[in-house]
Amino acid sequence: MDEKGSSPQAVFSGLVKIDGAATTQLTLTSEGKLRWTDGEEPRCLVLEKQVLGFVVEGTKVVVRAVVRSEGGCCSCIGSRGAGLVRKDFAFEPVHGDSLNLWCMHLRDHLDSLGRPKRLLVFVNPYGGKRIAPKVYLDHVKPLLEDAGVQITLQETMHRLHAKEVVSSMELSKYDGIVCVSGDGILVEVVNGLLERQDWRDAIKMPLGIVPAGTSNGMVKSLLDAAGELCSPENAVLAIIRGHRCSLDVATVLQGETKYYSVLMLAWGLVADIDIESEKYRWMGSSRIDFYALQRLFGLRQYDGQISFVSAPGFEAYGEPINHKGGLTGAREPCDVSKEHLVKSNPYGYYGPDVELMNQEWRTISGPFVSVWLHNVAWGGENTMAAPDAKFSDGCLDLVLIKECPRLALLSFMTELSNGGHVKSPHVMYLKVKAFILEPGQRVKEPNVGGIIDVDGEVLARGSGTYKCEEETLMAYDKLLITVNQGLATVFSPM
């Protein structure tokens, strides 16, 4: 037996039988690769990328991995993650006393990767097409079990259930939280963590998302940024591998009421399509396209005003606001003093620690067709809303339309799938560090307001709007949006 130190790159090496047949030399390298030969053909498994975990079955070490389906494991997983299959490799050491040593070295290397070992998994059985339970059973559970992850399963039984659970859970019991759903459960989790008294520790909890809803904008953004397809398998693999990235969190403030957003805020065309198309939910995902055409032919504009602190390089947009200790004009901004924010919620997160009054604010007045703020690139699996958005740049991407001919607007909608809409001469596309929305009424319909949509939920409704009789978290009035750079943490492929 040629054991540890057989070559400069070898961490451990020895003779093994492969799947109970041929005998070959198996080597674990310092690069984290298992290498052997199958006949004359060299083989390898990359532990970080391909190996989920391992178990001992009698005298064998069974390595559980994901490999390409088109033949063999020696190739690393492709950039688009296509054709992946789960596969077991059984290695039986020729010398029985090597079994424990193999287990020790494999475990040491996998542990060094910082992978999560205990996960709280939310499954939303009612969202979207109600496929989340099947996605969990077919994809999430098998892969996590192969990786040796301890799963605590929680099905959400009603709206805000996930928020309730995380607001009182014991943080030390988990290495991360996984949402098998659309974007809605993720938003609930973030809000629940930030409303805790120990929010500073709670928001450090890594969050994972597996696509199983109508809108899967966050996981699409994460996977697409790494060049991977948006699929449950790729999402679960990203969670197992344990890589993390920081994520900006926006605070929406109105008086003492707060809402924490990680995806987007929309007012005007996009919000109307997103929310009002629910009346055609029986049509499935095609309801969005169907209702978008309706809104195109019955185009609305809204009076109102926006103010913002532009990011460097975007100072040319809007008109400057001169102020002395506050913004001048007929309509004053929200109270953004630190004292006010602290009083509004002394225990939870109260917003980023920045002095907004002394920033250089700029303003644009309506009427507007659409105001769309985005924190990540994709608003859904087929909507690249903000192609330049970054996960942790401390900015929101603003996509603004004031006036637009219907034909140009149709082109705008068809370009949403590739981000080409932001190149339209009718679109203003810029980055902002803080934002104030002062929503007004529909042009030519002064008794009808609009809808403010945050992360796919109605934050506020004006008079005369769709389901205006329902209660909302905030009034259809002035809102302040600020950004805390990299406040949250998400599992990421990179």
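Residues numbered from 1 in each chain as written. Predicted model: local features only at pLDDT ≥ 70, side-chain atom pairs only at ≥ 80, totals over all residues. Heavy atoms only, no water.

The protein chain carries the name sphingosine kinase in an unreviewed UniProt entry, which gives Linum trigynum as its organism.

**Q** Would you mind showing me how to read the overall build of the protein chain here?
**A** Looking only at helices and strands, the protein chain features 12 helices and 23 strands. On C-alpha atoms alone, the protein chain measures out to a radius of gyration of 26 Å, which is about the 23 Å that the 2.2 N^0.38 rule sets for 494 residues. For the protein chain, the spread of C-alpha atoms along the principal axes amounts to about 85 × 50 × 45 Å. For the protein chain, the proportion of its 494 residues judged to be buried stands at 54%. Contacts spanning at least 24 positions in sequence make up 71% of the contacts within the protein chain whose residues lie at least 6 apart. Only carbon and sulfur atoms are counted for the fraction: they give 50% of the accessible area of the protein chain, which is about 21300 Å². Each charge class in the protein chain was averaged separately, 51 positive and 61 negative side chains, and the resulting centres sit 1 Å apart. (Helix = DSSP H or I, 4+ residues; strand = E, 2+ residues; numbered from the N terminus. Rg over C-alpha atoms; globule rule 2.2 N^0.38 Å. Buried < 20%, exposed > 50% of the residue type's maximum accessible area, 1.4 Å probe, protein only. Contact = heavy atoms within 4.5 Å. Areas by Shrake-Rupley, 256 points an atom, 1.4 Å probe, with all protein chains shown as cover. Lys, Arg positive; Asp, Glu negative; His and termini not counted. Charge placed at Lys NZ, Arg CZ, Asp CG, Glu CD.)

**Q** Would you take a moment to explain helix α2 (residues 99-112) for this structure?
**A** The periodicity of an α-helix, 3.6 residues per turn, causes residues three or four positions apart to be oriented the same way. The end-to-end C-alpha distance of α2 is 20 Å, a good match for the 20 Å that 14 residues give at a rise of 1.5 Å each. Buried within α2 are the following residues: Leu99, Trp102, Cys103, His105, Leu106 and Leu110. A positive backbone phi angle near 70° is found at glycine 114, which sits one or two residues after α2. (Expected span 1.5 Å × (residues − 1).)

**Q** What is the right way to look at a nonpolar patch on the surface in this model?
**A** A cluster of nonpolar side chains, contributed by Leu293, Phe297, Leu407 and Leu410, occupies part of the molecular surface with about 440 Å² of accessible area. If you list the elements that add at least two residues to the nonpolar patch, you get α10 (286-297) and α12 (406-414). In this structure, leucine 407 sits in helix α12. For leucine 407, a relative accessible area of 68% translates into the label exposed. (Patch = residues over 30% accessible without salt bridge, like charges linked within 9 Å, V, L, I, M, F, W, Y side chains within 5 Å. Salt bridge = Lys/Arg side-chain N within 4 Å of Asp/Glu carboxyl O.)

**Q** Explanation requested: the packing of aromatic side chains in the structure shown.
**A** Centre distance and the angle of the planes are the two values used to describe a pair of aromatic rings. For the structure on display, the rule yields 8 aromatic pairs. Centre to centre, the rings of phenylalanine 12 and tryptophan 102 are 4.9 Å apart; their planes meet at 90°, and the pair counts as edge-to-face. Taken together, the residues span a long stretch of sequence, with phenylalanine 12 in strand β1 (residues 10-18) and tryptophan 102 in helix α2 at a distance of 90 residues. Here phenylalanine 12 and tryptophan 102 have matching classes, each one buried. Judged by centre distance (5.6 Å) and plane angle (45°), the ring pair of tyrosine 260 and tyrosine 349 falls under tilted. (Phe/Tyr/Trp six-rings, centres within 6.5 Å; stacked < 30°, edge-to-face > 60°.)

**Q** Please clarify how the pattern of salt bridges should be interpreted in this entry.
**A** A side chain with one charge can pair with a side chain of the opposite charge if their charged atoms come near. For the coordinates displayed, the defined rule picks out 19 salt bridges. As a salt-bridge pair, glutamate 145 and lysine 141 come within 2.8 Å of each other at their nearest N and O atoms. Of this pair, glutamate 145 and lysine 141 both sit in helix α3 (residues 132-146), 4 residues apart, which is roughly one turn of the helix. Judged by its relative accessible area of 29%, lysine 141 falls in the partly exposed class. As a salt-bridge pair, lysine 163 and glutamate 195 come within 3.1 Å of each other at their nearest N and O atoms. Taken together, the residues span a long stretch of sequence, with lysine 163 in helix α4 (residues 161-168) and glutamate 195 in the loop between α5 (183-194) and α6 (199-202) at a distance of 32 residues. Three or more residues are tied together by salt bridges with common partners; here these are Asp38, Glu41 and Arg43.

**Q** Which parts of the structure should I look at to understand α4?
**A** Taken together, the buried positions of α4 are His161, Ala162, Val165 and Val166. One side of α4 carries all its buried residues, which in axial view fall inside an arc of 120°. Where α4 is buried, its residues touch β8 (118-123), β9 (150-155), β10 (176-181) and α5. (Arc of directions from axis to C-beta.)

**Q** Please clarify how the packing of α4 against α5 should be interpreted in this entry.
**A** In a pair of packed helices, the angle between the axes and the distance between the axes together describe the arrangement. Taken N-terminus to C-terminus, the directions of α4 and α5 make an angle of 35°; their axes are 8 Å apart at the nearest point. Here α4 runs over α5; the crossing is right-handed. Touching His161, Ala162, Lys163, Val166 and Ser167 of α4 are Ile185, Glu188, Val189, Asn191, Gly192 and Leu193, all from α5. Residue composition of the contact of α4 with α5, grouped by class: 5 nonpolar, 4 polar and 2 charged. (Axes fitted to C-alpha atoms, helices over the stretch in contact; angles between N-to-C directions. Left-handed = near helix turned anticlockwise from the far one by under 90°. Nonpolar A, V, L, I, M, F, W, Y, C, P; charged D, E, K, R; others polar.)

**Q** Would you mind showing me how to read unusual backbone geometry here?
**A** Most peptide bonds are trans, and most residues other than glycine sit at a negative phi. Residues glycine 366 and proline 367 are joined by a peptide bond in cis, for which omega reads 10°. Mapped onto the secondary structure, proline 367 falls in the loop between β17 (361-365) and β18 (370-374). The backbone of lysine 444 sits at a positive phi, close to 70°, despite the residue not being glycine. Tracing the backbone through its elements, the reader meets lysine 444 in the loop between β20 (427-442) and β21 (451-454).

**Q** What am I meant to see in the sheet that holds strand β7 (residues 84-93) here?
**A** Hydrogen bonds between backbone atoms are what pair the strands of a sheet, whose relative direction is either parallel or antiparallel. Read across the sheet, 7 strands follow the order β4-β3-β2-β1-β7-β6-β5 without closing on themselves; strand pairing throughout is antiparallel. Here the strands that pair on one side only, and so sit at the sheet edges, are β4 (41-46) and β5 (51-57). Each adjacent strand pair in this sheet contributes to an overall mean axis angle of 35°, direction not counted. As judged from the 2 bridges shared by strand β2 (residues 23-29) and strand β3 (residues 33-38), these two strands associate in the antiparallel manner. Across the sheet, residue leucine 28 finds its bridge partner in β3, namely leucine 34. Sitting on the sheet, α3 touches β5, β6 (60-68) and β7, and the angle it makes with β5 is about 60°. (Pairing = 2+ DSSP bridges.)

**Q** Help me understand the environment of serine 221 in this model?
**A** Considering the arrangement of structural elements, one finds serine 221 in helix α7 (residues 217-225). When the C-alpha atoms of serine 221 and valine 140 are compared, they prove to be 19 Å apart, with 81 residues separating the residues in sequence. A distance of 2.9 Å separates a polar atom in the side chain of serine 221 from the backbone nitrogen of tryptophan 378. (Polar contact = N/O pair within 3.5 Å; in protein donor to acceptor, adjacent residues only side chain to side chain.)

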